[in-house]
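Listed below are the residues making up each chain.
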Amino acid sequence: MENTELRHRLLAILAADGVGFSRLMAADERATVAALDAARAVFREQISAHGGRLVDTAGDSVLAVFDTAAGAVVAALAVQTRLTQQRGETP
């Protein structure tokens, strides 16, 4: 076995999943997909704004990486704030 140099890199991971996605899809597929698209736009904006990189958006989930835990936390809080503002009274 060759002696190779190992590189260590620490990252902070932001993982999010939509609450009640299956139930909402069953109730109103079009509205749920539209809401998911709007939420993904907010995630993309805030992840980028806080130094993160979007890794995947499978189903109703979002996975992103950040160089710092602070960047991940600030982005997550910003996403929550924006989504709450957009949602208004809609569940």
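The structure we're discussing is the one just above.
Residues numbered from 1 in each chain as written. Predicted model: local features only at pLDDT ≥ 70, side-chain atom pairs only at ≥ 80, totals over all residues. Heavy atoms only, no water.

Below, the discussion takes up the overall build of the protein chain. Along the protein chain, the regular secondary structure elements total three helices and three strands. For the protein chain, the α and β elements follow one another from N to C terminus as β-α-α-β-β-α. For a compact globule of 91 residues, the expected C-alpha radius of gyration is about 12 Å, and the protein chain comes in at 16 Å, more than 25% above that figure. Taking contacts inside the protein chain between residues at least 6 apart in sequence as the whole, the part at least 24 apart equals 58%. As displayed, the protein chain offers around 6800 Å² of accessible surface, 55% of which is attributable to carbon and sulfur atoms. Taken as two groups, the 9 positive and 11 negative side-chain charges of the protein chain have centres that lie 3 Å from each other. (Helix = DSSP H or I, 4+ residues; strand = E, 2+ residues; numbered from the N terminus. Rg over C-alpha atoms; globule rule 2.2 N^0.38 Å. Contact = heavy atoms within 4.5 Å. Areas by Shrake-Rupley, 256 points an atom, 1.4 Å probe, with all protein chains shown as cover. Lys, Arg positive; Asp, Glu negative; His and termini not counted. Charge placed at Lys NZ, Arg CZ, Asp CG, Glu CD.)

With that out of the way, let us pick up the side chain of Arg40. Here Arg40 shows up in helix 2 (residues 29-49). In this structure, Arg40 is buried with no salt-bridge partner, the nearest side chain bearing the opposite charge being Asp37 at 4.5 Å. Only 3.0 Å separates the side chain of Arg40 from the backbone oxygen of Thr57, close enough to count as a polar contact. (Buried < 20%, exposed > 50% of the residue type's maximum accessible area, 1.4 Å probe, protein only. Salt bridge = Lys/Arg side-chain N within 4 Å of Asp/Glu carboxyl O. Polar contact = N/O pair within 3.5 Å; in protein donor to acceptor, adjacent residues only side chain to side chain.)

Take a nonpolar patch on the surface next. A cluster of nonpolar residues, Ile13, Val55 and Leu63, forms a patch on the protein surface that exposes about 250 Å² of accessible area. Examined against the element boundaries, Leu63 turns out to sit in strand 3 (residues 61-66). Here Leu63 falls in the partly exposed class, since its relative accessible area comes to 33%. (Patch = residues over 30% accessible without salt bridge, like charges linked within 9 Å, V, L, I, M, F, W, Y side chains within 5 Å.)

Turning our attention to the environment of Asp67. Tracing the chain through its elements places Asp67 in the loop between strand 3 and helix 3 (69-87). As a C-alpha pair, Asp67 and Gly51 span 16 residues in sequence and 7.4 Å in three-dimensional space. The residues contacting Asp67, other than those within four sequence positions of it, are Arg9, Leu10 and Leu11. A distance of 3.1 Å separates a polar atom in the side chain of Asp67 from a polar atom in the side chain of Arg9.

Let's shift gears to the pattern of salt bridges. Considering all chains together, one arrives at two salt bridges under this definition. The salt bridge partner of Arg9 is Asp67, with a shortest N-O separation of 3.1 Å. Residue Arg9 is located in the segment before strand 1 (12-17), and its partner Asp67 is located in the loop between strand 3 and helix 3; the two are separated by 58 residues in the primary sequence. Relative accessible area serves as the criterion here: at 56%, Arg9 is assigned to the exposed category. In this structure, the salt-bridge partner of Glu45 is Arg82, at a minimum N-O distance of 2.2 Å.

A few words on helix 2. With 21 residues, helix 2 should cover 30 Å at 1.5 Å per step; its first-to-last C-alpha distance of 30 Å lies within 8% of that length. Each element contacted by the buried residues of helix 2 is listed here: strand 1, helix 1 (21-27), strand 2 (52-56), strand 3 and helix 3. (Expected span 1.5 Å × (residues − 1).)

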